[in-house]
Amino acid sequence: GLVAEASALGSAGRILVRAPSVLLDDGRILSTAFGSGQGGRVEIQAGNLVMRNGAQIDARSAEGSSGDAGSIELVVSGELALSGRSPVDGKFSGLYAQTRGGGRGGNVTLSATRISIIDGGRIEATSTGSGTAGSIDITASDALRLFGGTISSEALNADGGNIDIRAGNRVHLRASEISTSV
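Residues numbered from 1 in each chain as written. Predicted model: local features only at pLDDT ≥ 70, side-chain atom pairs only at ≥ 80, totals over all residues. Heavy atoms only, no water.

Would you take a moment to explain the pattern of salt bridges for this structure?
Pairs can form between side chains of opposite charge once their charged atoms are near each other. Within the structure shown, the criterion is met by 8 salt bridges. Two residues, Arg-28 and Asp-89, come together in a salt bridge whose shortest N-O distance is 2.8 Å. Residue Arg-28 is located in strand 3 (residues 28-33), and its partner Asp-89 is located in the loop between strand 7 (79-83) and strand 8 (94-99); the two are separated by 61 residues in the primary sequence. We classify Arg-28 as partly exposed; its relative accessible area is 23%. Residues joined in a network through salt bridges with shared partners are Arg-14, Arg-41 and Glu-43. (Salt bridge = Lys/Arg side-chain N within 4 Å of Asp/Glu carboxyl O. Helix = DSSP H or I, 4+ residues; strand = E, 2+ residues; numbered from the N terminus. Buried < 20%, exposed > 50% of the residue type's maximum accessible area, 1.4 Å probe, protein only.)

In structure tokens form, the structure reads like this:
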């Protein structure tokens, strides 16, 4: 995996992956803010991005921290596919922006021609601390398919984030969920 961490007062660095094709197979890209440091931004610019078997991109602030979580920004010119769960720890493939402390949660911004979230794939912006949850912005110039997938924003003790979905042709949900809750 790739990891960026901010501890104490410092801020985490940016993680940038730029390639014609990116495959994460049970791999992790993680940006974490501890203390009052700010989380770093995770960016991927690719022709195609496949995340399977529990692969995760996670931008978070840790429990007890006051710094803001990092953000996730994906720009994919072709297809983005999220699917499956890890055979090792059972976690679902997905994009996770979360705050567990007092800082704001990070935003997830995703742009692709086609987006497929299937077989348990997830996009989540959550807050379990006193910080507000981040927002989720999804643009699919052609289609967004959710077949057994989830897009959600949830806050237990603070304001929740918005979910904004824009598709050029179709949004297709089957046995899936798009939800916000506070």
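Past the structure itself, the notes keep going.
What should I look at first to understand the side chain of Ser-61 in this one?
Relative to the helices and strands, Ser-61 is located in strand 5 (residues 56-61). The residues contacting Ser-61, other than those within four sequence positions of it, are Ala-33, Gly-67, Asp-68, Ala-69, Gln-98, Thr-99, Arg-100 and Gly-101. (Contact = heavy atoms within 4.5 Å.)

Could you clarify how one ought to interpret the sheet that holds strand 3 in this entry?
Strands belonging to one sheet form pairs held by backbone hydrogen bonds; the direction of such a pair is parallel or antiparallel. As summarised here, the arrangement of the 7 strands in space is 1-3-5-8-10-12-15, forming an open sheet in which the pairing is parallel. Strands with a single pairing partner mark the edges of an open sheet, and in this sheet they are strand 1 (2-6) and strand 15 (177-181). On average, each strand axis in the sheet is tilted by 5° relative to the strand beside it, whichever way the strands run. (Pairing = 2+ DSSP bridges. Axes fitted to C-alpha atoms, helices over the stretch in contact; angles between N-to-C directions.)

How should I be thinking about the packing of aromatic side chains in this particular structure?
Describing an aromatic ring pair means giving the distance of the ring centres and the angle of the ring planes. Here the structure, examined in full by the defined rule, presents 0 aromatic pairs. Lying across the ring of Phe-92, Arg-122 places its NZ or CZ 4.0 Å from the centre. (Phe/Tyr/Trp six-rings, centres within 6.5 Å; stacked < 30°, edge-to-face > 60°. Lys NZ or Arg CZ within 6 Å of the ring centre and 35° of its normal.)

How do you make sense of a nonpolar patch on the surface when you look at a structure like this?
A contiguous nonpolar surface patch, about 220 Å² in accessible area, is contributed by Val-171, Leu-173 and Ile-178. Relative to the helices and strands, Leu-173 resides in strand 14 (residues 170-174). (Patch = residues over 30% accessible without salt bridge, like charges linked within 9 Å, V, L, I, M, F, W, Y side chains within 5 Å. Areas by Shrake-Rupley, 256 points an atom, 1.4 Å probe, with all protein chains shown as cover.)

It is not clear to me how the nonpolar core should be interpreted in this structure. Could you clarify?
Buried together is how nonpolar side chains tend to be arranged in soluble globular proteins. Counting residues in each nonpolar core, the largest one holds 36 residues, and the members touching the most others are Ile-44, Ile-57, Leu-74, Leu-95, Ile-115 and Ile-123. Non-local contacts of Leu-74, meaning those with residues more than four positions away in its chain, are made with Ile-44, Leu-49, Ile-57, Leu-80, Leu-95, Thr-109, Leu-110 and Ser-111. (Core = buried A, V, L, I, M, F, W, Y, C linked by side-chain atoms within 4.5 Å.)

Which parts of the structure should I look at to understand unusual backbone geometry?
Excluding glycine, most residues fall at negative phi; most peptide bonds, likewise, are trans. Positive phi values are uncommon outside glycine, yet Asp-26 reaches one of about 60°. Mapped onto the elements, Asp-26 comes out in the loop between strand 2 (15-25) and strand 3. Backbone geometry at Ala-175 places phi at a positive 50°, although glycine is not the residue there. Examined against the element boundaries, Ala-175 turns out to sit in the loop between strand 14 and strand 15.

Explain the environment of Phe-147 here, please?
Mapping Phe-147 onto the fold places it in strand 11 (residues 136-147). Take Phe-147: its relative accessible area is 17%, and that puts it in the buried class. For the pair Phe-147 and Ser-176, spaced 29 residues apart in the sequence, the C-alpha separation amounts to 5.9 Å. Every residue in contact with Phe-147, bar those within four places of it in the chain, is listed here: Ile-117, Ile-118, Asp-119, His-172, Arg-174 and Ser-176.

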